[in-house]
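Listed here are the chains, written in short residue letters.
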2 protein chains.
Amino acid sequence: MKKNIKVNAAILIIGNEILSGRTQDTNTSTLATWLNSIGVKVGEVRVIPDVEKTIVDTVTLLKKNYNYVFTTGGIGPTHDDITAKSVSKAFSLNYEIHKEAFKILEAYYKPGEFNEGRQKMTWMPSNANLILNPTSGAPGFSVENVFCLPGVPSILKSMLGGLKHKIIGGQPIKSLTISLRTVESEIANSLTKVQDENNEVEIGSYPFFHAGKLGVSIVIRSEDQLKIDKCNSQILKFVNEKKIEIVER
Amino acid sequence: MKKNIKVNAAILIIGNEILSGRTQDTNTSTLATWLNSIGVKVGEVRVIPDVEKTIVDTVTLLKKNYNYVFTTGGIGPTHDDITAKSVSKAFSLNYEIHKEAFKILEAYYKPGEFNEGRQKMTWMPSNANLILNPTSGAPGFSVENVFCLPGVPSILKSMLGGLKHKIIGGQPIKSLTISLRTVESEIANSLTKVQDENNEVEIGSYPFFHAGKLGVSIVIRSEDQLKIDKCNSQILKFVNEKKIEIVER
């Protein structure tokens, strides 16, 4: 059966360190690439501070507007880790010790090392579903359509494999990139015509500088390979007419 | 005179390429670091697609909620560059050729090269203020408290110098980082106490992996150096008591 329902998601990056510029967020591109590969289109990303009211309000809004919400950050043991408490409030659920998470971490640490700080990581919204963490023990969790992941990129990445079967994506979004030795203004009009004739396909144009030379990458995105191919032919036609060189990137 | 007004800003990243995961955004950290240095605190970041209604609605909301809004992306010559048109709508201004921008680009290009695509980059909200571009000619622009910059990181960076005098910041936000050879759970309780006793200071805790070893960076942020120093002493006190090693990062 052909899946053709459009499925979308919002990404919510929680953390003062991103807003201050101290930390360069890379979780957005990790999550977005992964979500696209399973047929989930990212509709928006927000970065917000470690402020409870802001987290509660934003989760409340996004979980209503999108099929899925993925949060990153704020699920560690310190005072600034308030994602679990805030998500509990957003769903009007108790914030309490999750028995399964407690067992996992009790077994993970050496006797005597499962201290109060570490136990904090087992406090979650009541009856949350766990997202297992093969890297450092402490699980993430989900409530309904909201999935809460850690902020450390390597740990987040290691948890996506176990998450895949919980997400029901639509048709995977395919993309094709054509890189040209030209500048955007040379192809702008022709590309506009192609976009106008192919409304359901997303065509992006991105200048690049590589090995000291200017170029433009045209990216065609759609769930439908045939529509991509049609656009591709139309673009190659004007590229050929204008004698523009196609390059590898 | 001591400046003590708090000044905040929102960053709005416009572009499908960030939402698809194809492009890793770096403009957020560039802008956030620069804004912090001139006393402007970033309250939130949003990444949205190249969709006119979404841009208009988001700019309309953010310009009301923040002292400043900085947009990146969507001011080039191609069909997917719709920031200038959308910002015009958000301010109910005409979208028209900006005479000064036209003169700049007419002089910038060789005779005959100032084609229709390039002329598109001179279409702006009526009476917009230009933000000069020392890298590639085409200026950004501002309307009231909304500043529109390009998406290409190197070009954006080159335009910040010319922008500085247009932004009135508050007291610069200072920060101090203490990096420790420990794990978060060992210091969580002590750090919570320090935060509770110093409400006006922002204390963040960030685990790191460096040269195969685990560590935690504690970041203290405030406009007031004395408040930072007070926190620092309290943190160093418990670090010393717990015999935790302080490391360079």
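Residues numbered from 1 in each chain as written. Chains lettered and ligands numbered in written order. Predicted model: local features only at pLDDT ≥ 70, side-chain atom pairs only at ≥ 80, totals over all residues.

**Things to note about the sheet that holds strand 12 (residues 245-247) of chain A**
All names here are of chain A. We apply this condition: At least two DSSP bridges between two strands are required for those strands to pair. Numbering goes from the N terminus for both helices and strands, where a helix is a DSSP run of H or I of at least four residues and a strand is a run of E of at least two. Only the stretch in contact is used when a helix axis is fitted, and all axes are lines through C-alpha atoms; the angle between N-to-C directions ranges over 0 to 180 degrees.
Taken together, four strands build an open sheet; the order of strands is 10-11-9-12 and the sheet is antiparallel. Each edge of the sheet is formed by a strand with only one pairing partner; in this case those strands are strand 10 (202-210) and strand 12. Along the sheet, successive strands turn relative to each other by an average axial angle of 35 degrees, direction set aside. Judged from the nine bridges that link them, strand 10 and strand 11 (residues 213-222) form a sheet pairing that is antiparallel. For Phe209, the partnering residue across the bridge sits in strand 11 and is Leu214.

**Comments concerning the interface of chain A and chain B**
As a reminder of what qualifies: Remark: residues whose backbone-derived C-beta atoms lie within 7 Å of one another are considered to be in contact. For this scheme, ten residues count as nonpolar: Ala, Val, Leu, Ile, Met, Phe, Trp, Tyr, Cys and Pro. Four count as charged, namely Asp, Glu, Lys and Arg, and the remainder, Gly too, count as polar.
At the junction of the two partners, chain A supplies 47 residues and chain B supplies 47 residues. Mapped onto the side of chain A that touches chain B, the elements with two or more residues apiece are helix 1 (16-19), helix 2 (27-37), strand 2 (40-48), helix 6 (116-120), helix 8 (184-197), strand 10 and strand 11 of chain A. Top contributing element to the side of chain A that touches chain B by residue count: helix 8 of chain A, with eight residues. Considered class by class, the residues forming the side of chain A that touches chain B number 14 nonpolar, 20 polar and 13 charged. Sheet topology note: the strand 2 of chain A/strand 2 (residues 40-48) of chain B ladder contains three bridges and is antiparallel. By the bridge assignment, Val47 of chain A is partnered in strand 2 of chain B with Val45 of chain B.

**What to know about unusual backbone geometry**
What counts, and what does not: Exposed residues have 12 or fewer other C-beta atoms within 10 Å of their own C-beta, buried residues have 20 or more, and residues in between are partly exposed; the C-beta atoms are placed from the backbone.
In this structure, Ser92 of chain A takes a positive phi of about 50 degrees despite not being glycine. The phi dihedral of Lys243 of chain B is positive, around 55 degrees, even though this residue is not glycine. Positionally, Lys243 of chain B belongs in the loop between helix 9 (225-241) and strand 12 (245-247). Given 7 C-beta atoms within 10 Å, Lys243 of chain B falls into the exposed group.

**What about the confidence of the model for chain A?**
Note the threshold: The pLDDT value tells you how sure the predictor is about a given residue, anywhere from 0 up to 100.
Confidence along chain A averages 94 in pLDDT terms, with 98% of residues attaining 70 or more. For this predicted complex, the interface confidence score (ipTM) comes to 0.92, while the overall pTM stands at 0.93.

**Side note on the domain arrangement of chain A**
How we decide: How far each domain reaches was decided by an automatic or database domain assignment.
Taken domain by domain, chain A comprises domain 1 (7-166) and domain 2 (174-247). On a C-alpha basis, the centres of domain 1 of chain A and domain 2 of chain A stand 37 Å from each other.

**Considerations on the environment of Ser37 of chain B**
Structurally, Ser37 of chain B can be placed in helix 2 (residues 27-37). It is 8.2 Å that separates the C-alpha atoms of Ser37 of chain B and Lys174 of chain B, two residues lying 137 residues apart in sequence.

**Concerning the nonpolar core**
Defined as follows: Take the buried Ala, Val, Leu, Ile, Met, Phe, Trp, Tyr and Cys residues, join any whose C-beta atoms are within 7 Å, and the set you get is a nonpolar core.
With 83 residues, the main nonpolar core has Ala9, Ile11 and Val69 of chain A together with Ala9, Ile11 and Val69 of chain B as its most contacted residues. In contact with Val69 of chain B, other than residues within four places in its own chain, are Ala9, Ala10, Leu12, Val59, Leu62, Lys63, Asn145, Val146 and Phe147 of chain B.

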